[in-house]
Amino acid sequence: MTVDLFAAAAPLEPAEPAQPDGTQPDDAAPVVELRAVTRRFPGPPVVEALRAVDLRVERGDYLSIVGPSGSGKSTLLNVLGLLDRPTSGEYLLDGRVAGTASEGERARLRAQRIGFVFQSFHLLPQRTVLDNVVLATMYGGVPRARRRARALAALERVGLSHRVGFWPTTLSGGERQRVAVARALVTEPHLLLADEPTGNLDTASSAQVMALFDELHADGVTLAVITHDLAVSARAARRVRIEDGHLEEIA
Ligand SMILES: Nc1ncnc2c1ncn2[C@@H]1O[C@H](COP(=O)(O)OP(=O)(O)O)[C@@H](O)[C@H]1O
Ligand SMILES: [Mg+2]
């Protein structure tokens, strides 16, 4: 699936209220809650990629999602990240029903509240590291005057202050993925979603990214990480497994 995360969202210039979209999130509510969510792809053959999935991602959770190929992991991530809609069931973001919101509203919520990290980094090769991160602020409700400083701070947080002027193509895989994490973090999302974030990385680079996720978790960032890699999954505080569209907690 090719994802253009920012295409549908209009650039915003808010005066920086508590919430960029002007709503007050319910602090006690889960960041995301799925209630009996089903996602059916019309065939033929019809595929039920998610079957009556119930899931609450609480503030500060570090959740890993494992499961064999084709089990529904990416479908789940797309639903969690407002990239796709459930066929039936309810989706709540910060305690508010968002499954039925308009495309424009969903794009805005996505840009402001959710950060994405993908296996293949999705960096723009013709932009510097800094510009790749600044770009995410343009749709994420960060005032223009703060964008550069926020991007620099995000890059510092992932240990890449010495790479801000580099082209992505000159970086190692681990560095590229850390740029992608900085880009995901720069809008201070309520939820960081990662789909096989170490899938293209060697062992040393994977270890760097996992260490970074540990730090983010310690800082209170809410993380949901899809992974095949048991070493990655073992780092999470909470694990769920998806198999044939059914989700279950792993003790
Ligand atoms: N856009 C789509 N149209 C039809 N079937 C799809 C689509 N996306 C995923 N599927 C099917 O849904 C099931 C789950 O896919 P996916 O969520 O990508 O699995 P995973 O990420 O665990 O490998 C698979 O059977 C897949 O073929
Ligand atoms: Mg997948």
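Shown above is the structure to which this text applies.
Notes on the structure in this doc start here. (Residues numbered from 1 in each chain as written. Chains lettered and ligands numbered in written order. Predicted model: local features only at pLDDT ≥ 70, side-chain atom pairs only at ≥ 80, totals over all residues. Heavy atoms only, no water.)

## Considering helix H4 (residues 147-157)
For H4, the complete set of buried residues consists of Arg147, Arg150, Ala151, Ala154 and Leu155. Along H4, the residues classed as buried sweep out an arc of 135 degrees about the axis, all on the same side. Exposed side of H4, more than 90 degrees from the buried face: Arg148, Ala149 and Glu156 are the residues found there. Summarising the contacts, the buried residues of H4 are in contact with helix H3 (129-138) and helix H5 (173-185). Immediately downstream of H4, the backbone of Gly159 shows phi near 80 degrees, a positive value. (Buried < 20%, exposed > 50% of the residue type's maximum accessible area, 1.4 Å probe, protein only. Helix = DSSP H or I, 4+ residues; strand = E, 2+ residues; numbered from the N terminus. Arc of directions from axis to C-beta. Contact = heavy atoms within 4.5 Å.)

## What to know about the packing of H3 against H4
Two elements in contact, H3 and H4, have axes whose closest approach is 9 Å; the angle formed by their N-to-C orientations is 120 degrees. Taken together, H3 and H4 sit at an angle that is classed as oblique. Of the two elements, H3 crosses H4, and the hand of that crossing is right-handed. Taking contact as the criterion, the partners of Val129, Leu130, Val133, Val134, Thr137 and Met138 in H3 are, on H4, Arg147, Arg148, Ala151, Leu152, Ala154 and Leu155. Of the residues that constitute the contact of H3 with H4, the class distribution is nine nonpolar, one polar and two charged. (Axes fitted to C-alpha atoms, helices over the stretch in contact; angles between N-to-C directions. Parallel < 35°, antiparallel > 145°, perpendicular 65-115°, else oblique. Left-handed = near helix turned anticlockwise from the far one by under 90°. Nonpolar A, V, L, I, M, F, W, Y, C, P; charged D, E, K, R; others polar.)

## Remarks on the pairing of strand E7 (residues 191-195)
Within E7, five of the five residues are buried, leaving the element largely enclosed by the surrounding structure. Of the two faces of E7, the one lined by Leu191, Leu193 and Asp195 and the one lined by Leu192 and Ala194 are each fully buried. Inspection of the sheet shows strand E6 (residues 114-118) paired to E7 by five bridges, in the parallel sense. In the strand pairing of E7, Phe118 is matched with Asp195. Pairing of E7 with strand E8 (residues 223-226) involves four bridges; the strand directions are parallel. By the bridge assignment for E8, Leu192 is matched with Leu223. Between the parallel elements E7 and E8, the chain passes through helix H6 (residues 203-218) in a crossover that is right-handed. (Pairing = 2+ DSSP bridges. Right-handed = clockwise from strand over helix to strand, strands pointing away.)

## As for the sheet that holds strand E3 (residues 62-66)
An order of E6-E7-E8-E3-E9-E10 is seen for the six strands of this open sheet, with the pairing classed as mixed. Both edges of this open sheet fall to E6 and strand E10 (246-250), since each of them pairs with a single strand only. The average undirected angle you get between the axes of adjacent strands in this sheet is 20 degrees. Two elements, strand E9 (residues 238-243) and E10, share five bridges in a ladder whose sense is antiparallel.

Shape descriptors only; they carry no functional weight alone.
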